[in-house]
Amino acid sequence: MGTTAKIVAIAYLAVVVLGVGLALVLARTTRARREADTERLARRERAWLGVVVAILVALLFGTIFFIPWARSAADGEKQIVRVEAVQFGWTVDPGTVREDEPVEFILRSPDVNHAFGVYDEHDRLVFQVQVIPGKDQRALYTFEQPGTYTILCLEFCGVGHHLMRSRLTVEPT
Ligand code: CUA
């Protein structure tokens, strides 16, 4: 089990335990009938609004700087790789890029929908992007590990779909 899977499992468990606890407390308190103190409820509602807004603002600023698109686009230097997807093969030009420098993939397809999937040497999916006929698709990615990456088509595009395999070499700088 990977670290991410463990974190997700623990977070999920925490949410379930909290949810069950909340449901039990609610079931108990709603059974006792008494006059509601609307003054106090209104005060609490305002306080909770503040808490929720603070959490959302913290989440926004804690995550927005990790969006890869914004980060890569800010860098002036980038390598361009033109990719053509056809039934049933890839043209990747050039087939070699440098690590730690953003690569802009410009992808096109003259025939049908394909999906450009890039896998590292451990067969882990690095990223994927849809290739759509009649539209240049762009994807920015910075490779942090040199090596030979495998390109697979991830969209069923016809009888030879499984033949759509290629490679991309990432050289150390
Ligand atoms: Cu191209 Cu599947």
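Thresholds applied
Residues numbered from 1 in each chain as written. Predicted model: local features only at pLDDT ≥ 70, side-chain atom pairs only at ≥ 80, totals over all residues. Heavy atoms only, no water. 1 Å grid on protein atoms, 1.4 Å probe; cavity = no way out; pocket = protein on both sides within 12 Å on 5 of 7 lines; lining within 4 Å. Points joined across faces, edges and corners; volume = space filled by probe spheres on them. Helix = DSSP H or I, 4+ residues; strand = E, 2+ residues; numbered from the N terminus. Nonpolar A, V, L, I, M, F, W, Y, C, P; charged D, E, K, R; others polar. Phe/Tyr/Trp six-rings, centres within 6.5 Å; stacked < 30°, edge-to-face > 60°. Buried < 20%, exposed > 50% of the residue type's maximum accessible area, 1.4 Å probe, protein only. Pairing = 2+ DSSP bridges. Axes fitted to C-alpha atoms, helices over the stretch in contact; angles between N-to-C directions. Salt bridge = Lys/Arg side-chain N within 4 Å of Asp/Glu carboxyl O. Core = buried A, V, L, I, M, F, W, Y, C linked by side-chain atoms within 4.5 Å. Contact = heavy atoms within 4.5 Å.

Asks: I would appreciate a short explanation of the layout of surface pockets in the present structure.
Replies: Sizing a probe to match a water molecule and rolling it over the atoms shows the empty space that remains. The calculated volume of the second largest pocket comes to roughly 360 Å³. In terms of lining, the second largest pocket is formed by 13 residues, of which the most central are Thr29, Arg34, Ala36, Arg40 and Leu41. Elements supplying a minimum of two residues to the lining of the second largest pocket: α1 (3-31) and α2 (38-63). The element best represented in the lining of the second largest pocket is α1, accounting for four residues. Residues of the lining of the second largest pocket, tallied by class, amount to five nonpolar, two polar and six charged.

Asks: Help me understand the packing of aromatic side chains in this model?
Replies: What characterises a pair of aromatic rings is the spacing of the ring centres plus the angle enclosed by the ring planes. Scanning the entire structure with this criterion turns up nine aromatic pairs. Arranged with centres 6.3 Å apart and planes meeting at 75°, the rings of Phe105 and Phe143 form a pair that is edge-to-face. Of this pair, Phe105 sits in strand β4 (residues 103-108) while Phe143 sits in the loop between β7 (137-141) and β8 (147-153), and the two are 38 residues apart along the sequence. Of the residues examined, Phe105 reaches a relative accessible area of 0% and is grouped as buried. Here Phe143 falls in the buried class, since its relative accessible area comes to 1%. Ring centres of Phe127 and Tyr141 lie 5.0 Å apart, and the angle between their planes is 20°; on these two criteria the pair is classed as stacked. Highlighted residues: Phe127 in strand β6 (residues 125-131) and Tyr141 in strand β7, separated in sequence by 14 residues. Judged by its relative accessible area of 12%, Phe127 is buried. Residue class for Tyr141 comes out partly exposed when judged on its relative accessible area of 25%. Through a chain of ring-to-ring contacts, three or more aromatic side chains come together here, namely Trp90, Phe105, Phe116, Phe127, Tyr141, Phe143 and Tyr149.

Asks: I would appreciate a short explanation of the sheet that holds β7 in the present structure.
Replies: Hydrogen bonding along the main chain pairs the strands of a sheet, whether they run parallel or antiparallel. With mixed pairing, four strands are arranged side by side in an open sheet as β2-β1-β4-β7. Single-partner strands in this sheet number two, and they are β2 (89-93) and β7. Strand-to-strand twist of the sheet, defined as the mean angle between neighbouring strand axes without regard to direction, takes the value 20°.

Asks: Would you mind going over the environment of Ile80 with me for this structure?
Replies: By the secondary structure assignment, Ile80 is in strand β1 (residues 79-86). Classification of Ile80 as partly exposed rests on a relative accessible area of 37%. As a C-alpha pair, Ile80 and Glu104 span 24 residues in sequence and 4.9 Å in three-dimensional space.

Asks: Help me understand the pattern of salt bridges, please; the structure alone is not making it clear to me.
Replies: Side chains that carry opposite charge are capable of pairing whenever their charged atoms lie near each other. The final tally for this structure, using the stated rule, is five salt bridges. A salt bridge links Glu104 to Arg138, with the shortest nitrogen-to-oxygen separation between them at 3.2 Å. Taken together, the positions of Glu104 in strand β4 and Arg138 in strand β7 put the pair 34 residues apart, joining distant regions of the chain. Here Arg138 falls in the partly exposed class, since its relative accessible area comes to 47%. When the shortest N-O distance is used, the salt bridge between Arg108 and Asp136 registers 2.9 Å. Here the residue Arg108 occupies a position in strand β4, and Asp136 occupies one in the loop between β6 and β7, the gap between them amounting to 28 residues. Residue classification places Arg108 among the partly exposed positions, given a relative accessible area of 45%.

Asks: Where do I start with the nonpolar core in this structure?
Replies: In a soluble, globular protein the nonpolar side chains are often hidden away together inside. Trp90, Phe105, Phe116 and Phe143 are the most contacted members of the largest nonpolar core, which totals 23 residues. Of all the secondary-structure elements, those providing two or more residues to this core are β1, β2, β4, β5 (114-119), β6, β8 and β9 (165-171). Leaving out residues up to four positions away in the same chain, Phe105 has contacts with Val81, Val83, Phe116, Phe127, Gln137, Arg138, Ala139, Tyr141, Phe143 and Leu168.

Geometry only, nothing functional implied.
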